[in-house]
Amino acid sequence: MQFRITSLLLATVALSANAFAPMSIATTRSSSFGISLKASDKPLTELCEITKEACDVVSPLLKEMYSQIKIGTGTSDTAAFKSDATFFTIADGIVQHMFIEYLFAGDKFFEIVGEEDDSVVNILETPYKVDDLVVPEEFEDLIQNTLKDIKALAARINPTAYKEITIFVDPIDGTREFATGKGDKVTILVGYNDMEGIPQAGIIYRPLTVPATWASGAKSEDFKDGVLDSPEEPNPKGVLITDGKVSPFIASTIENSGMNKVPSLASGNRVLMLVEGKAGAYIRDTGGFAKWDTSGPQAVLEAYGGVMAKLPAFLEDKSMVSYTHLKSKLNTDFCKRSVGLTLSNARDKSMFIPGLDSIVTDVHLVKEYSCVQGLVALAPTKMEAFYLNAIHSAMNNIKKDAPPMYT
């Protein structure tokens with residue numbers, strides 16, 4: 001379903017034309033966060049632009065929190081890092097709280113889903129706290145100033161234009177990367193989905209790079225924008241692989257297709273790598289990722305001319321079927337007798353028994369937002385029929401001997 005809105009909003013931003021050339025924002029912006037008097041017939045574009053400004057606003061807070069995990073001096077490769085997750089937990093909780101309770105507040109959207117929905121955050125009375133963690137006093141002024149700017153941005157969001165939109169937010173995608181000094185792989189992910197749960201607009205934003213690199217887009221409005229870290233030589237034959245164990249299905253597909261492995265970290269960062277031309281495909285059969293990892297990234301990738309879809313339908317007949325990004329108590333993409341129970345997708349971790357292959361028949365055993373049907377994401381350079389056929393053929397050539405393991 002195409003999402004259409006006719007409400008008038010703010011001025012549109014200029015569009016970038018080249019998906020793989022370094023891009024910078026061409027729009028002239030006010031130096032303040034005041035409300036523009038200009039209107040727009042591209043509401044998703046405006047929403048992306050406001051969200052990008054919100055990412056700019058919270059970045060100094062994230063950078064300061066990130067700097068506190070280091071022990072002593074050194075580069076990311078040589079410095080030691082604190083073993084506890086205190087600063088990550090505080091940063092993660094506060095950013096999500098600012099987005100959900102302030103930026104998107106006021107019943108302007110249909111539903112909002114965040115990765116850290118269970119966190120209890122207090123940034124109104126000192127001492128500030130995230131769950132049972134006390135925020136160090138030296139951060140209080142920075143938090144107050146950040147919140148002030150977020151509230152100003154919130155005032156620019158039309159109160160009636162997005163009543164059919166469900167938001168998925170991941171305030172810090174890349175937990176381990178944030179905590180171990182690999183901040184250039186960390187992203188903020190925000191996705192805007194229609195009433196069928198299909199991503200319509202979104203942003204992937206690296207807050208810890210200098211300068212920040214990011215991409216946003218809304219395909220239905222022919223909008224894309226960003227500042228990309230594009231390589232000197234694109235790698236369209238590259239397939240992004242995780243830093244964990246590569247499944248037999250993925251390894252065999254890469255070998256059979258004549259493509260090459262590209263090591264990568266963090267879900268949002270991987271999709272941004274596709275947009276930047278650092279690889280041509282990102283394929284997963286095993287899980288470990290959730291719908292806040294796919295909502296914004298899918299919208300961005302599709303705005304740039306690529307695609308993201310569940311693996312089974314593509315494997316069957318090259319159909320591109322999206323995950324359903326809606327608020328739910330049960331997993332809306334669960335497929336009986338095809339999903340293996342793991343630590344990452346089990347609602348109750350005590351139900352997982354290491355070494356035992358458990359195929360789930362009860363949707364109640366699986367987390368409601370786990371992505372349990374794999375993933376195929378293709379860069380714009382891989383959307384020609386020749387490449388689609390080649391990847392599809394490679395998968396089918398090996399699936400009998402190395403079938404996908406959906407978890």
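Residue positions are counted from 1 within each chain, in the order its sequence is given. Totals for whole chains, interfaces and linings use all residues, but because this is a predicted model, local features are given only for residues with pLDDT of at least 70 and pairs of side-chain atoms are given and counted only at 80 or more. Hydrogens and waters are ignored; side-chain quantities use all the structure's heavy atoms.

Now for the environment of A377. The secondary structure listing takes helices from DSSP runs of H or I that are at least 4 residues long and strands from runs of E that are at least 2 residues long, numbered from the N terminus. Within the secondary structure layout, A377 lies in strand 18 (residues 375–378). Accessible area is worked out with a 1.4 Å probe on protein chains only. A residue is then buried under 20% of its type maximum, exposed over 50%, and partly exposed in between. On the accessibility criterion, A377 (0% relative accessible area) is buried. Sequence-wise, A377 and L274 are 103 residues apart; in three dimensions their C-alpha atoms are separated by 8.4 Å. In this analysis, two residues are considered to be in contact whenever any of their non-hydrogen atoms come within 4.5 Å of each other. Excluding its chain neighbours within four sequence positions, the residues that come into contact with A377 are L274, G280, A281, Y282, L301, V307 and M308.

Ring pairs shown here join Phe, Tyr and Trp side chains whose ring centres sit within 6.5 Å, with only the six-membered ring taken for Trp; geometry is labelled stacked below 30 degrees between planes, edge-to-face above 60, and tilted in between. Within the structure shown, the criterion is met by 11 aromatic pairs. Ring centres of Y66 and F178 lie 5.3 Å apart, and the angle between their planes is 65 degrees; this geometry places the pair in the edge-to-face category. Here F178 lies in helix 4 (residues 175–179) and Y66 lies in helix 1 (residues 43–67), a separation of 112 residues in the sequence. Note on F99 and F104: the rings are 6.1 Å apart at their centroids and 90 degrees apart in plane angle, and the pair reads as edge-to-face. Since its relative accessible area comes to 0%, F99 is described here as buried. Taken together through their ring pairs, the aromatic side chains of F99, F104, F109, Y162 and Y192 make up a single cluster.

This part covers the sheet that holds strand 12 (residues 238–241). Pairing between strands requires that DSSP locate at least two bridges from one strand to the other. Ordered by their spatial adjacency, five strands build an open sheet running 13-12-14-18-15, and the pairing between neighbours is mixed. Lying at the two open borders of the sheet, with one neighbouring strand each, are strand 13 (260–263) and strand 15 (307–309). If you compare each strand with its neighbour and ignore which way they point, the axes differ by 20 degrees on average. Bridge analysis of strand 14 (residues 281–284) against strand 18 gives four bridges, and the strand direction is antiparallel. Following the sheet pairing, I283 is matched in strand 18 by V376. Axis definition: a line fitted to C-alpha atoms, over the contacting stretch in the case of helices. Angles run 0 to 180 degrees between N-to-C directions.

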